[in-house]
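Below, each chain spelled out in residue letters.
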Amino acid sequence: MPSIYLSPSTQENNMYVTGNSEEYYMNKLADALVPYLRAAGIYYTRNTPSMTAGSSITQSNSGTYDLHLALHSNAAPPGKYGTARGILVFYYPGSAKGKRAADIIVKNLKLIYPLPDKVRAVPTTSIGEVSRTKAPSVFIELGYHDNYEDARWVTQNIEKIASNIAYSLDEYFGIPFRSP
């Protein structure tokens, strides 16, 4: 049975322009993803909102997982607030499994995100949940929470995004997709 470490954002101070926080929406997404994981027979361990990125990494590394999946949303850099859009799926360069997972997730998210040309996989060594985990890792930045269109897309499509990510995980693990 495949296993993942599910790590929705614990960043309660990153606010969506539409209201509520990154932590709130990424935990709603994780909540929606869990029934799909169960239906597919994917074992998971999940962080909690009271944890930090560091404690999530520690907990992930204390187990044996086939994939570390971090769920986040992004914010534009200073001076560009509200103008950036897109989905970034980070993976560790040199991790063939991480890159493969990222590529599958990108391919499938392009099918549901309104600007498919702005969905891409990006190698990184600067994100701890990518560079410091034992398991292959993907860190999904699902749009920009400071951009109204992206924030609205995330908040109005939680179930659709969860189903899409579950489909990607099933493809990655080579198991049939099953709805809950």
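Scroll up to find the structure.
Note that the coordinates shown come from a computational prediction; the quantities given were computed from them, not determined experimentally.

S.K.: Talk me through the layout of surface pockets; I want residue IDs and the actual numbers.
M.R.: Approximately 160 Å³ is the volume found for the largest pocket. As for the largest pocket, its lining consists of 16 residues, of which Gln11, Ala53, His72, Glu129 and Phe139 are closest to the centre. Elements supplying a minimum of two residues to the lining of the largest pocket: β1 (3-8), α2 (53-61) and α4 (128-131). Here the lining of the largest pocket takes three residues from α2, the largest share from any one element. When its residues are assigned to classes, the lining of the largest pocket shows five nonpolar, nine polar and two charged.

S.K.: Report on the packing of aromatic side chains, specifying residues and quantitative values.
M.R.: One pass over the full model with this rule turns up eight aromatic pairs. Seen from their ring centres, tyrosine 16 and tyrosine 25 are 4.8 Å apart, and the 50 degrees between their planes marks the pair as tilted. A single burial state applies to tyrosine 16 and to tyrosine 25, both of which are buried. An aromatic cluster is built from Tyr16, Tyr24 and Tyr25, whose rings are joined through pairwise contacts.

S.K.: Describe the sheet that holds strand β3 (residues 67-74), naming the residues involved and giving the relevant values.
M.R.: Strand order in the open sheet formed by six strands is β2-β1-β3-β6-β4-β5, and the pairing between neighbours is mixed. Two strands in the sheet have a free side with no partner beyond their single neighbour: β2 (43-46) and β5 (119-123). Strand after strand, the sheet turns through a mean of 20 degrees between neighbouring axes, direction not considered. In terms of strand pairing, β1 meets β3 through five bridges, oriented parallel. Residue pairing in the sheet places serine 7 in a bridge with alanine 70 of β3.

S.K.: Requested: an account of helix α1 (residues 22-40), with residues and values cited.
M.R.: For α1, built from 19 residues, the straight-helix expectation of 27 Å at 1.5 Å per residue is met to within 8% by its first-to-last C-alpha distance of 27 Å. Remark: the principal bend of α1, roughly 25 degrees, maps to leucine 33, with a proline, proline 35, within the next four residues.

S.K.: So, a nonpolar patch on the surface: which residues are in play, and what are the values?
M.R.: A cluster of nonpolar side chains, contributed by Val17, Tyr81 and Tyr148, occupies part of the molecular surface with about 340 Å² of accessible area. Mapped onto the fold, valine 17 is located in the loop between β1 and α1. Judged by its relative accessible area of 35%, valine 17 is partly exposed.

S.K.: If you had to explain the side chain of serine 56 to someone new, which residues and values would you point to?
M.R.: By the element assignment, serine 56 lies in helix α2. Look past the residues within four positions of serine 56 in its chain and what remains in contact with it is Tyr5, Ser7, Asn47, Met51, His68 and Glu129.

S.K.: Any details on the pattern of salt bridges? Residues and values, ideally.
M.R.: Enumeration according to the criterion identifies four salt bridges in this entry. The residue arginine 85 makes a salt bridge to aspartate 150 at a minimum N-O spacing of 2.8 Å. Separated by 65 residues along the polypeptide, arginine 85 in the loop between β3 and β4 (87-91) and aspartate 150 in helix α5 (residues 148-156) bring together distant segments of the chain. According to the relative accessible area criterion, aspartate 150 is buried, its value standing at 0%. Lysine 107 is paired through a salt bridge with glutamate 171; the nearest N and O atoms lie 2.6 Å apart. Here lysine 107 is found in helix α3 (residues 96-109), whereas its partner glutamate 171 is found in helix α6 (residues 158-173), with 64 residues between them in sequence.

Cut-off values and rules
- Residues numbered from 1 in each chain as written.
- Predicted model: local features only at pLDDT ≥ 70, side-chain atom pairs only at ≥ 80, totals over all residues.
- Heavy atoms only, no water.
- 1 Å grid on protein atoms, 1.4 Å probe; cavity = no way out; pocket = protein on both sides within 12 Å on 5 of 7 lines; lining within 4 Å.
- Points joined across faces, edges and corners; volume = space filled by probe spheres on them.
- Helix = DSSP H or I, 4+ residues; strand = E, 2+ residues; numbered from the N terminus.
- Nonpolar A, V, L, I, M, F, W, Y, C, P; charged D, E, K, R; others polar.
- Phe/Tyr/Trp six-rings, centres within 6.5 Å; stacked < 30°, edge-to-face > 60°.
- Buried < 20%, exposed > 50% of the residue type's maximum accessible area, 1.4 Å probe, protein only.
- Pairing = 2+ DSSP bridges.
- Axes fitted to C-alpha atoms, helices over the stretch in contact; angles between N-to-C directions.
- Expected span 1.5 Å × (residues − 1).
- Bend = angle between axes of the 7 residues up to and from the residue.
- Patch = residues over 30% accessible without salt bridge, like charges linked within 9 Å, V, L, I, M, F, W, Y side chains within 5 Å.
- Areas by Shrake-Rupley, 256 points an atom, 1.4 Å probe, with all protein chains shown as cover.
- Salt bridge = Lys/Arg side-chain N within 4 Å of Asp/Glu carboxyl O.
- Contact = heavy atoms within 4.5 Å.

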